[in-house]
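Examination of the molecular architecture
Okay, here's what each chain looks like letter by letter:
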Amino acid sequence: MKKIILAGTDKEPDRTELDNRALSRRAAVEGFVLLKNEGVLPLQSRKIALYGSGARMTVKGGTGSGAVRERYSVSIEEGLQNAGLTITTSDWLDRFDRYYADAYECYRQGVEEKVRGITDFYTVLDLAGQFHHPSGIPVTQEDIVHSETDTAIYVLARQAGEGNDRRDEKGDYRLEDVELENLRTVSGNYLHTIVIINAGGVIDTSFLDTMKIDALVYYAQGGEEGGNALADVLTGKENFSGRLTTGWMYDFTDSPSGSTYSYLGENEYEQEYNEGIYVGYRYADTFHVKPRFPFGYGLSYTRFRLCITDVTQSGENIRVTVTAENIGTCPGREVVQIYASLPFGTLGGEVRRLVAFTKTDPADPGETCELQMEIPISVLTRYREETAEFILEKGRYYLLTGESSEDVTAGGILDIGQETVTERCRNICPAQHAVNEIHPEVPEHREEGDLRGVKIAAQLAEHILKFDTGRICTVVHHYQCRNEDSTDTPEPEDHRLQELLRSMTAEQKVRLIVGGGTQGKENLVNALGASGTTTSQLYGTLGIPNVILSDGPAGLNLSSRIMVMEDGDIRATLCEENLQAYRRYLFGMAGMGMKRMMAQPGSGTEHYQYCTAWPCVELLAQTFNTELMEEVGDGTGREMEKYGVTVWLAPGMNIHRNPLCGRTFEYYSEDPVVSGKMTAAIVRGVQRHPGKGMSIKHFVANNCELNRNSSSSNMSERTLREIYLKGFRIAVEESDPRTVMASYNKVNGLHVVNHYDLLTSVLRDEWHYKGLIMSDWDSMKAQKDDPMKPLTGDVLMAPGAGLDLIMPGREDQIMALTEGVKKKIVKEKDLNRAAGNVLKLVMENTVVSV
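Here goes a summary of the coordinates provided.

Rules used throughout
Residues numbered from 1 in each chain as written. Predicted model: local features only at pLDDT ≥ 70, side-chain atom pairs only at ≥ 80, totals over all residues. Heavy atoms only, no water. 1 Å grid on protein atoms, 1.4 Å probe; cavity = no way out; pocket = protein on both sides within 12 Å on 5 of 7 lines; lining within 4 Å. Points joined across faces, edges and corners; volume = space filled by probe spheres on them. Helix = DSSP H or I, 4+ residues; strand = E, 2+ residues; numbered from the N terminus. Nonpolar A, V, L, I, M, F, W, Y, C, P; charged D, E, K, R; others polar. Core = buried A, V, L, I, M, F, W, Y, C linked by side-chain atoms within 4.5 Å. Buried < 20%, exposed > 50% of the residue type's maximum accessible area, 1.4 Å probe, protein only. Contact = heavy atoms within 4.5 Å. Phe/Tyr/Trp six-rings, centres within 6.5 Å; stacked < 30°, edge-to-face > 60°. Lys NZ or Arg CZ within 6 Å of the ring centre and 35° of its normal. Pairing = 2+ DSSP bridges. Axes fitted to C-alpha atoms, helices over the stretch in contact; angles between N-to-C directions. Polar contact = N/O pair within 3.5 Å; in protein donor to acceptor, adjacent residues only side chain to side chain. Parallel < 35°, antiparallel > 145°, perpendicular 65-115°, else oblique. Left-handed = near helix turned anticlockwise from the far one by under 90°.

What about empty space enclosed by the protein?
Within this structure, the stated rule accounts for six cavities of 30 Å³ or more. In this structure, the largest cavity encloses a volume near 260 Å³. Looking at the largest cavity, it is lined by 26 residues, and the ones nearest its centre are T246, G247, M249, P659 and E670. The greatest single-element share of the lining of the largest cavity, amounting to three residues, is contributed by helix 8 (residues 281-286). The residue makeup of the lining of the largest cavity, split by class, is 13 nonpolar, eight polar and five charged.

Rendered as structure tokens:
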């Protein structure tokens, strides 16, 4: 079987790579958030004293599935220099380089000692842990004198990634002593001090209370063009327009899950969602806990005046017209946020919630933009568990607009004359035990939205809409009968696929629904470095090729340089780029084995797979620009065509429940509407390209990395539906992603990969999802006597629950499923459905002519 590889042999960047690089820079510009500015920005000085661990060693993205092997990335130092600024602290940066190298060597030696004699790759990886970004070295008076400038930039950096949560400790969420001392020294000796936070999530900013910090920028992880993009906004070449998608509390303990999250709880295997629906700004606004920087907040070099000018009914939707006037002195863009203040009603709930957002085009001073937004009535509903219904409560709703969840003005009124059922469901995911949720005080007026702390527009009384609830069509869901004896299975619509499915034996169907591993040597289609592939073992007998599935959320995660040997074998090139990219794996005997598998330069024909390192997902979300997200999706779709990737295993869209989540940078927001809308946009962009798809993940409630294979996310059904499922629903209904990835964790005691309620009742029956559902990697064991079995999902239960594709796939899983089919533990109808969905994905989206 001749292997197929689409990557080219020309090392020079092509038009796709150059276009995506420019787009990555533009996306970073729009996503950076200016948190504070006391007149120091845009920069006036052309000479900059640059300090901090992220100045030269800038963190462009996370680790694990979030990694990308780009051609090169631009550090903050390089970006400032490229903009014509002079960095006057090279001596300090050189000393930090040496300190960094020494710290890594100490870490490397320690790992080598721990893994001595161990050959298992995953054991080595677990023992290696994460190399923590060194915090810095002291800034001296000599450094300050020699810098010859009055302006300093200090870059605080943190790294995080898959498999580990962050910790409420110095050097992680909190600043190290050397960082605090450096900030005191710098802010006390320079006229202007600017702090850049280069971290994939919230860190402690209490230093703002005791030090003179003139400007603060949330850089997050800016991708390959982050350094250039930051220089663009710091110099005023571009304006800031990013807004926070997650609020920053004054202290970690202000979070409602601050004492129970991850390792802080009593039982690390039971994650109790006691905050219920009160996540992020929903908690802060409802329980009157003032954040340092609220959700939706962000400054720019100009100001806009927002005004709701019209509220009308459009079928089952509300149409809101807003004007945004640039009342500042320079061009800029504004994020228009619409919130609704709901009546407390019979169910109670948050004081306000985001219901719509958009972003203006660039506007000159004095220019006014008019925007219309359609708000579906479903975003105003609440879920009543007792009757399994979504209801629109009777009362007066206020429509608010403003610059953050905290700074809003009431500009419209929605009157609902009677309680209305909008959707009838059935109860799902019963709790194993009562979850003790927090609840706010009951207000005196239950049928009117809460306007405490809200400004009132002069024209409020002119914009009252008495909503005609008679135009609401109640959706009544019908659920599949889980008949164990039924053999009825929906077949693929394509007659050719129907015939192919009918011709397959049970053993062949089993092999089809189990992945082909991470790097199968017998793959027909290849993109070395990708996370996985479907099986190619059916190509010779049935003509079914494999398709490639690649991480990660910040861009395709492929080996940048690969060698095709004379015998057709494909290997990573033994070069500095690949050694740096894989260095967290190159320990002990396992690492030596990996190096031996690499090909020497010149030993074959070299191909290149340089991929775009986009800004991290959180930074992309902070653009609040769905059109830009579609462009990013389109750019990645072109790379998928270029390298032969069929499914991009992204985006991660789990809710920012707590600042310590190790994968915050991979996820969009604390708000499900932002998560859902931004996901739908990037999916549409990728799926413009025929045969290309995304895998939205991790479905659902995978909000903690600690013991993610075995921990249970315990919550009420209302919380699950209103917060954690809502974003996924928006994405499915608005973009129809080709695949959904089921998460590692349990929900209320049952693994998601085995959860019929979630995979079938919700995804298939309520949301009418027709695509493929896959597992996360190695989330199921196959043998009953496996000591790890209680900690993972059950491969024999997965097809019956609604799972289609088991990844990355192993022979013991194939054997177990084959035996399960013979013993009728795995039902024929479930096997046929799963095989049909995999067959549809492969045959309709392959790069091979079949």
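After presenting the structure, the write-up continues.
Quick look at the nonpolar core
If you look at soluble globular proteins, the nonpolar side chains tend to sit buried side by side. In terms of nonpolar packing, the biggest core is built from 129 residues, with F699, V700, L720 and M774 touching the most fellow members. A total of eight residues in this core trace back to one element, the largest contributor, which is helix 22 (residues 828-845). Contacts of V700, omitting those with residues within four sequence positions, involve N654, L720, Y724, L725, F728, S743, N745, V747, V752 and L758. Formed by 83 residues, the second largest nonpolar core is a distinct cluster that contains V33, L230, W248 and C330.

Points about the packing of aromatic side chains
Within the structure shown, the criterion is met by 27 aromatic pairs. Taken together, a centroid distance of 6.2 Å and an interplanar angle of 50° make the contact between Y582 and Y585 tilted. Taken together, Y51, W92, F96, Y99, Y100, Y104, Y107, F131, Y190 and F587 form an aromatic cluster joined through their ring pairs. Seen from the ring of Y263, R167 lies directly overhead, with NZ or CZ sitting 3.8 Å from the centre. The residue whose ring lies beneath R657 is Y273, and the NZ or CZ to ring-centre distance is 3.8 Å.

Observations regarding the sheet that holds strand 18 (residues 420-424)
Spatial strand order, 14-15-18-21: four strands in an open sheet with mixed pairing. Edge positions in the sheet fall to strand 14 (382-384) and strand 21 (475-476), since each of these pairs with one other strand and no more. For strand 15 (residues 389-392) and strand 18, the ladder comprises four bridges, and the chain directions are antiparallel. Opposite E389, over in strand 18, you have R424 as the bridge partner. Contacting strand 14 and strand 15, helix 17 (residues 717-724) crosses the sheet at an angle of about 160° to strand 14.

Quick notes on the side chain of E705
Turning to its location among the elements, E705 is positioned in the loop between strand 29 (693-699) and strand 30 (712-714). A polar atom in the side chain of E705 sits 2.7 Å from the backbone nitrogen of G163. Engagement of the side chain of E705 in a polar contact is seen with the side chain of R708, the distance being 3.0 Å. If we skip the residues at most four places from it in the chain, E705 touches E162, G163, N164, D165, G662, R663 and Y667.

With respect to the packing of helix 1 (residues 15-31) against helix 15 (residues 626-643)
At a closest axis distance of 10 Å, the pairing of helix 1 and helix 15 adopts a crossing angle of 155°. When the axes of helix 1 and helix 15 are compared, the pair comes out roughly antiparallel. Crossing of helix 1 over helix 15 shows left-handed handedness. For the pair helix 1 and helix 15, the contacting residues are T16, E17, D19, N20, L23, R26, A27 and E30 in the first and L628, E631, V632, G635, T636, R638, E639 and K642 in the second. The residue inventory of the contact of helix 1 with helix 15, partitioned by class, reads four nonpolar, four polar and eight charged.

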